[in-house]
Amino acid sequence: MSTKRKSPQTAAGAATKPTQADAVVGVAALDRGHRVRLADQLYGRIFEQIVEGHLNVGDKLPSEHEICDRFSVSRPVVREALLRLRADGLITAHQGLGTFVSHQPAPRLKTFSDVGNVSAYLRAQEIRVALEGDAARLAALRRTDDELHHIAEAHEAFLEELEHGHVSASTDLAFHASIAQATGNDYYLGVLVSIHESISGFMRLTLNLTRTGSRQRAQRVADEHSAILAAIREQDGERARIAMQFHLGQARHRLVDRERDQ
């Protein structure tokens, strides 16, 4: 599968006849009875086409009107899905030319069963950046010795599983939950619990990528956790916040951009 980037001008010039990109986006109608929002379903459908290589970097997406027709959805649904795809760095809009694929996730992502839920997972990740960044800051300033011990234990459990190649979402979540607990404010942990399903889904995908990826990828994840723990241990609130937000941002990038998956 080639990922050589085409220029928008080249792709737009070829749009006078049907392309592979035009053919594959509308492969099946969305499920209006499904509990997942239509915009998220559409996001997931286009995401899957990009992951599977039916839409490659540089390929032009069909117009909003064409996508509306193919999926029998309103223009606001299409615009919301495309807006989120742009925000996640997967597509880029060029005024007067159209919308083009700009990044591709790792191809092996398509082997994981819950890839279709990635839009909801990434929306939860946005909440986590703000919430857990501040939680790490407060944990650094307020943690007790016992709470620091719990965070360190959760970190060691994560590293041990990572070393043996079978790290679980529950172990990763335990590290993050122990930091939220150390804030001394139950609302931080409560919000994490309320979006537990989406957090766990995101972690399953990213940890599966880590498990099946390079040793360097796994080491980067371990180093990011270590940096968070070190800042909390040294009671440096601002450094803890930055380290946590960096970690969550990198996790997102590693999911949607295969160039960050090395």
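Further up the page is the structure itself.
In this text, all values refer to a predicted model and were calculated from it rather than measured experimentally.

**Student:** Quick question: what am I supposed to make of the packing of helix α8 (residues 169–181) against helix α10 (residues 196–211) here?
**Tutor:** In a packed pair of helices, the relevant descriptors are the angle between the two axes and the axis-to-axis distance. Between α8 and α10, the least distance of the axes is 9 Å, while the angle of their chain directions is 120°. Of the possible angle classes, the one that applies to α8 and α10 is oblique. Of the two elements, α8 crosses α10, and the hand of that crossing is right-handed. On the side of α8, the interface is formed by Ala169, Asp172, Leu173 and His176, while α10 contributes His196, Ile199, Ser200, Met203, Arg204 and Leu207.

**Student:** Explanation requested: the pairing of strand β2 (residues 98–101) in the structure shown.
**Tutor:** Within a regular beta strand, the side chains point alternately toward one face of the sheet and then the other, so they alternate between its two faces. Where strand β1 (residues 91–94) and β2 come together, four bridges link them in antiparallel fashion. Residue pairing for β2: Ala93 is matched across the bridge by Thr99. Turn length for the β1-β2 hairpin, with the two strands adjacent in sequence and antiparallel, is three residues, and the turn residue Gly96 shows positive phi of about 85°.

**Student:** When you look at the packing of aromatic side chains in this model, what are you seeing that I'm missing?
**Tutor:** The description of an aromatic ring pair uses the distance of the two centres, along with the angle that the planes make with each other. One pass over the full model with this rule turns up one aromatic pair. With a centroid separation of 6.1 Å and 15° between ring planes, the pair formed by Tyr43 and Phe47 is classed as stacked. Of the two residues, Tyr43 and Phe47 are both situated in helix α3 (residues 38–51); the distance of four residues between them amounts to about one turn of the helix. By relative accessible area, Tyr43 is classed as buried at 0%.

**Student:** Honestly, α3 in this entry has me stumped. Any pointers?
**Tutor:** Owing to its 3.6 residues per turn, the α-helix brings residues three or four apart onto one side. The end-to-end C-alpha distance of α3 is 20 Å, a good match for the 20 Å that 14 residues give at a rise of 1.5 Å each. α3 sits mainly inside the fold: 12 of its 14 residues count as buried. All of the buried residues along α3 are Ala39, Asp40, Gln41, Leu42, Tyr43, Gly44, Arg45, Ile46, Phe47, Gln49, Ile50 and Val51. Directly beyond the C-terminal end of α3, a positive phi value near 85° is found at Gly53.

About the criteria used
- Residues numbered from 1 in each chain as written.
- Predicted model: local features only at pLDDT ≥ 70, side-chain atom pairs only at ≥ 80, totals over all residues.
- Heavy atoms only, no water.
- Axes fitted to C-alpha atoms, helices over the stretch in contact; angles between N-to-C directions.
- Helix = DSSP H or I, 4+ residues; strand = E, 2+ residues; numbered from the N terminus.
- Parallel < 35°, antiparallel > 145°, perpendicular 65-115°, else oblique.
- Left-handed = near helix turned anticlockwise from the far one by under 90°.
- Contact = heavy atoms within 4.5 Å.
- Pairing = 2+ DSSP bridges.
- Phe/Tyr/Trp six-rings, centres within 6.5 Å; stacked < 30°, edge-to-face > 60°.
- Buried < 20%, exposed > 50% of the residue type's maximum accessible area, 1.4 Å probe, protein only.
- Expected span 1.5 Å × (residues − 1).

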